[in-house]
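For reference, the chains in residue letters:
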There are 2 protein chains.
Amino acid sequence: MAEHLFRIAEIEIDPAQIEQYKALLKEEVEASLQLEPGVLFLQAVALKDAPNNIRVFECYADEAAYQHHITTPHFLKYKMATSHMVKLLRLMEANPIAVQAKA
Amino acid sequence: MAEHLFRIAEIEIDPAQIEQYKALLKEEVEASLQLEPGVLFLQAVALKDAPNNIRVFECYADEAAYQHHITTPHFLKYKMATSHMVKLLRLMEANPIAVQAKA
């Protein structure tokens, strides 16, 4: 997996708009996995103790797959539709230590 | 996936011991996936811009699988061997919004 690109997004959402936000994020994740061969996983969760705080753990085949992802219609729709809902956004790149899932 | 248990660990490690720490974490992740049917994924990464900051994104079949996990010999070995390396530890439960991976 040395070439794969790992990213983490930490996002804080306006509490008044959290349900609409989660629906838009879910739609974007599903479209990305279905339509983009280079999107290997997207795992979006809300913290139980701070449910307006979202974490998305992301894996792309490589840098080009990520650069493609952020130009897709479904990503741009999500970005535009949620821009007024996002209070804080922190995007981070990460290096894998051990990334394993059941087959 | 409604019943699955999602957790996120945010861990800051003593910079002088980061390589030993990463080796122990990798060993623990690999043993957990191999030996525990209820551990569905463990994804451990280091932040690129803060390489002593670790994130582990975890999914267990259910609460019982997690409770079993933290009593296994490989987990307890990791916990004891790394206890003096950990400067900060934040453990969080999370609710899934959309958790998808390529088949």
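Look up a bit, the structure's there.
Let us look at the structure shown here. Predicted, not measured: the structure shown is a model, and the values here were computed from it.

### Topic: the relation of the copies chain B and chain A
Turning chain B through 180° and shifting it by 0.0 Å along the axis lays it on chain A, with an RMSD of 0.0 Å. In the structure described here, the two chain copies are related by an operation that fits a two-fold rotation axis. Across chain B, the rotation axis passes nearest the C-alpha of Phe57(B), at a separation of 3.8 Å. Both copies present the same face, since 100% of the interface residues in chain B are matched by interface residues at the equivalent positions in chain A.

### Section: the packing of aromatic side chains
Geometry of an aromatic ring pair is reported as the spacing of the ring centres plus the angle between the planes. Applying the stated criterion across every chain yields a total of 13 aromatic pairs over all chains. Measuring from centroid to centroid gives 6.0 Å for Phe57(A) and Phe57(B), while their planes differ by 45°, and the two rings are tilted. Of the two residues, Phe57(A) sits in strand 3 (residues 50–60) while Phe57(B) sits in strand 3 (residues 50–60), which places them in two different chains. Each member of the pair, Phe57(A) together with Phe57(B), is buried. A ring pair is formed by Phe6(B) and Phe41(B), whose centres lie 6.4 Å apart and whose planes are at 50°; its orientation type is tilted. With a gap of 35 residues between them, Phe6(B) in strand 1 (residues 5–13) and Phe41(B) in strand 2 (residues 39–47) connect regions that are remote in the sequence. Accessibility classification places Phe6(B) together with Phe41(B) in one group, the buried group.

### Considerations on the pattern of salt bridges
Counted according to the given criterion, the structure contains 18 salt bridges over all chains. Put simply, Glu10(B) and Arg55(B) hold a salt bridge, and the shortest N to O gap is 3.8 Å. Here Glu10(B), found in strand 1, pairs with Arg55(B), found in strand 3; they are 45 residues apart in sequence, far enough to count as distant. With respect to class, Glu10(B) is no different from Arg55(B); both count as buried. A salt bridge links Lys77(B) to Glu27(B); its shortest N-O distance comes to 2.6 Å. Here Glu27(B) lies in helix 1 (residues 18–35) and Lys77(B) lies in helix 3 (residues 73–82), a separation of 50 residues in the sequence. Residues participating in the shared-partner salt-bridge network are Glu10(A), Arg55(A), Arg90(A), Glu10(B), Arg55(B) and Arg90(B).

The rules behind these values
Residues numbered from 1 in each chain as written. Chains lettered and ligands numbered in written order. Predicted model: local features only at pLDDT ≥ 70, side-chain atom pairs only at ≥ 80, totals over all residues. Heavy atoms only, no water. Least-squares fit on C-alpha atoms with pLDDT ≥ 70 in both. Contact = heavy atoms within 4.5 Å. Phe/Tyr/Trp six-rings, centres within 6.5 Å; stacked < 30°, edge-to-face > 60°. Helix = DSSP H or I, 4+ residues; strand = E, 2+ residues; numbered from the N terminus. Buried < 20%, exposed > 50% of the residue type's maximum accessible area, 1.4 Å probe, protein only. Salt bridge = Lys/Arg side-chain N within 4 Å of Asp/Glu carboxyl O.

Any functional reading would require information beyond the geometric quantities listed.
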